[in-house]
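# Descriptive analysis of the structure
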Amino acid sequence: MELEQYIQRIEDKLHQLLKKLQQAQADNAMLREQLSLHQSELKEQETTIASLDQRLKMAKIATATQGNGLSEDEEAFRREVRGKINDYIREIDRCIALLNS
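A brief report on the enclosed structure follows. (Residues numbered from 1 in each chain as written. Predicted model: local features only at pLDDT ≥ 70, side-chain atom pairs only at ≥ 80, totals over all residues. Heavy atoms only, no water.)

So, on to the overall build of the protein chain. On a plain count of helices and strands, the protein chain comes out with two helices and zero strands. Its C-alpha atoms give the protein chain a radius of gyration of 34 Å, clearly above 13 Å, the size a compact globule of 101 residues would have. Expressed along its principal axes, the backbone C-alpha trace of the protein chain runs to roughly 105 × 45 × 15 Å. When each of the 101 residues of the protein chain is scored for burial, the buried share is 4%. Summed over all atoms, the accessible surface of the protein chain reaches about 9,500 Å², with 56% contributed by carbon and sulfur. (Helix = DSSP H or I, 4+ residues; strand = E, 2+ residues; numbered from the N terminus. Rg over C-alpha atoms; globule rule 2.2 N^0.38 Å. Buried < 20%, exposed > 50% of the residue type's maximum accessible area, 1.4 Å probe, protein only. Areas by Shrake-Rupley, 256 points an atom, 1.4 Å probe, with all protein chains shown as cover.)

Let's shift gears to the pattern of salt bridges. One pass over the structure, following the stated rule, counts three salt bridges. The shortest N-O distance in the salt bridge between K84 and E80 comes to 3.4 Å. Of the two residues, K84 and E80 both sit in helix α2 (residues 72-100), four residues apart, roughly one turn of that helix. Among the salt bridges present, the one from D87 reaches R90, with a minimum N-O distance of 2.5 Å. In this pair, D87 and R90 are both assigned in helix α2, three residues apart and thus about one turn of the helix distant. Given the relative accessible area of 42%, D87 is considered partly exposed. Residue classification places R90 among the partly exposed residues on the basis of a relative accessible area of 43%. (Salt bridge = Lys/Arg side-chain N within 4 Å of Asp/Glu carboxyl O.)

Where nonpolar side chains cluster on the molecular surface, the patch consists of L3, Y6, I7 and I10 and spans about 410 Å² of accessible area. Residue placement: Y6 occurs in helix α1 (residues 2-66). Taking the relative accessible area as the measure of exposure, Y6 reaches 46% and is therefore partly exposed. (Patch = residues over 30% accessible without salt bridge, like charges linked within 9 Å, V, L, I, M, F, W, Y side chains within 5 Å.)

Before going further, it helps to spend a moment on the environment of I61. Residue position: I61 is located in helix α1. Looking at I61, the relative accessible area reads 25%, which means it is partly exposed. With 21 residues separating them in the primary sequence, I61 and R82 have C-alpha atoms 9.4 Å apart.

Moving on, we get to the environment of L42. Residue position: L42 is located in helix α1. Judged by its relative accessible area of 44%, L42 falls in the partly exposed class. Residues L42 and K84 lie 42 residues apart in sequence; the distance between their C-alpha atoms is 34 Å.

Spelled out as structure tokens, the structure:
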């Protein structure tokens, strides 16, 4: 009789363990889905941030080229932008000279 009770307890514990395993697997699947969703959201947010950064950069360039009442940082940025534009113009002029020769 004792052996049968012992076996029964082992079977009960085994069933409990299997239920816990199934619950853990279900939780794991749910967490994987949530992770995938959050990763997709993160990628969308990173894309949005990159787009906004580009728009901010363009706005700064537009402001820098106007040059009305700029702070020191903005004035430095304006000079930097104008320097880059001048460098591009010189490079274009060199290319035109090479094409004409």
